[in-house]
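Residue-level structure breakdown
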Amino acid sequence: MTAPPLRFRRVGEADLARIMEIEAAGFLHPWSERMLRSELSHAWSVVLGAAEEAPGPERLIGYVIYWLVHDEVHVLNVATAPEARRRGVGRALLEEALAHGRRKACRLVTLEVRRSNAPAQGLYRAMGFRQVGVRPGYYAEEREDAIVMTLDLDPR
Ligand SMILES: CC(C)(COP(=O)(O)OP(=O)(O)OC[C@H]1O[C@@H](n2cnc3c(N)ncnc32)[C@H](O)[C@@H]1OP(=O)(O)O)[C@@H](O)C(=O)NCCC(=O)NCCS
């Protein structure tokens, strides 16, 4: 399906309830409100939301959380509301993060993903990320491995 026209904007305190709703639908161990608030407070952290361009009240349908540190974009989290998946929202959010990184002269994007998370790995591979390592038992609750993936950011 074609990607819907999306509007991207920084997430604020008023969006936390909706972000936590999407978190809860997407993860076995969703981030807590405290963790999300802490990302909103760091100068190096970006919480970017996506909403569909549609009449009526705005509704966030996805978000990405990333850090800009030196020449690196580190993606901590990306999620799309279940009803909006496979419509290009996750890819569009990551593209926004990459574009921001390029504007800040970043050269590398890094992330960790659960070994069992095939949808996320599918998204990252589709965007050109490559597996560069494994952190054994990184996700402590299930002792699940993290796959470390990176993407070189060429200036455009
Ligand atoms: C992973 C996630 C963010 C993908 O978001 P999305 O908006 O559905 O992804 P997109 O529609 O942008 O997908 C782009 C491409 O990624 C790949 N992809 C996305 N979902 C996939 C799936 N379930 N299986 C395989 N590949 C998938 C495909 O190549 C897809 O392109 P296509 O639809 O043309 O085949 C979403 O499934 C999600 O929120 N999952 C729960 C939270 C999560 O695990 N986040 C990742 C944390 S590391």
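Presented here is a report on the structure given in the accompanying data block.

Parameters and conventions
Residues numbered from 1 in each chain as written. Predicted model: local features only at pLDDT ≥ 70, side-chain atom pairs only at ≥ 80, totals over all residues. Heavy atoms only, no water. Helix = DSSP H or I, 4+ residues; strand = E, 2+ residues; numbered from the N terminus. Rg over C-alpha atoms; globule rule 2.2 N^0.38 Å. Near = heavy atom within 4 Å. Polar contact = N/O pair within 3.5 Å; in protein donor to acceptor, adjacent residues only side chain to side chain. Nonpolar A, V, L, I, M, F, W, Y, C, P; charged D, E, K, R; others polar. Axes fitted to C-alpha atoms, helices over the stretch in contact; angles between N-to-C directions. Parallel < 35°, antiparallel > 145°, perpendicular 65-115°, else oblique. Left-handed = near helix turned anticlockwise from the far one by under 90°. Contact = heavy atoms within 4.5 Å. Core = buried A, V, L, I, M, F, W, Y, C linked by side-chain atoms within 4.5 Å. Buried < 20%, exposed > 50% of the residue type's maximum accessible area, 1.4 Å probe, protein only. Pairing = 2+ DSSP bridges.

**Quick notes on the overall build of the chain**
A count of helical and extended segments in the chain gives four helices and seven strands. Listing every helix and strand of the chain by position from the N terminus yields β-α-α-β-β-β-α-β-α-β-β. Radius of gyration (C-alpha) of the chain: 15 Å, near the 15 Å computed for a compact globule of 156 residues. Along the longest, intermediate and shortest principal axes, the C-alpha atoms of the chain span 45 × 40 × 35 Å.

**Some remarks on the site of the ligand**
Around the ligand lies a shell of 20 residues, among which Val 78, Arg 86, Gly 88, Gly 90 and Asn 117 are the nearest. Residue Arg 85 places a side-chain N or O atom 3.4 Å away from an oxygen atom belonging to the ligand. At 2.8 Å from an oxygen atom of the ligand is found a main-chain nitrogen or oxygen belonging to Arg 91. Top element by residues in the shell around the ligand is helix α4 (residues 118-126). It accounts for six residues. Counted by class, the shell around the ligand contains ten nonpolar, six polar and four charged residues.

**Some remarks on the packing of helix α1 (residues 16-26) against helix α2 (residues 33-41)**
Two elements in contact, α1 and α2, have axes separated by 11 Å at closest approach and are oriented at 125°. Considering the angle they form, α1 stands oblique to α2. Viewed along their axes, α1 and α2 form a crossing whose handedness is right-handed. Mapping the contact onto sequence places Leu 16, Ile 19 and Met 20 in α1 and Glu 33, Leu 36, Arg 37 and Leu 40 in α2. A class-by-class count of the residues in the contact of α1 with α2 yields five nonpolar, no polar and two charged.

**A word on the nonpolar core**
Considering soluble globular proteins, one finds that nonpolar side chains tend to be buried as a cluster. Core analysis: the largest hydrophobic core is formed by 30 residues, its most contacted members being Val 64, Tyr 66, Val 73, Val 109, Tyr 124 and Phe 129. Of all the elements in the fold, those that place two or more residues in this core are β2 (45-52), β3 (60-69), β4 (72-80), α3 (89-103), β5 (108-114), α4 and β7 (144-152). The element best represented in this core is α3, accounting for six residues. Apart from the residues within four sequence positions on either side, Val 73 is in contact with Tyr 66, Trp 67, Leu 68, Ala 97, Gly 101, Cys 106, Leu 108, Val 109, Thr 110 and Leu 153.

**Quick notes on the sheet that holds β2**
With mixed pairing, the seven strands of this open sheet are ordered in space as β1-β2-β3-β4-β5-β7-β6. Each end of this open sheet is capped by a strand with a single partner; those strands are β1 (6-10) and β6 (130-139). Ignoring which end each strand starts from, the neighbouring axes of this sheet average 25° apart. Against the sheet, α3 touches β1, β2, β3, β4, β5 and β7, its axis set at about 30° to β3.

**Considering unusual backbone geometry**
Positive phi, close to 60°, is recorded for Arg 86, a residue that is not glycine. Tracing the chain through its elements places Arg 86 in the loop between β4 and α3. Non-glycine residue Arg 143 carries a positive phi angle of around 50°. Mapping Arg 143 onto the fold places it in the loop between β6 and β7.

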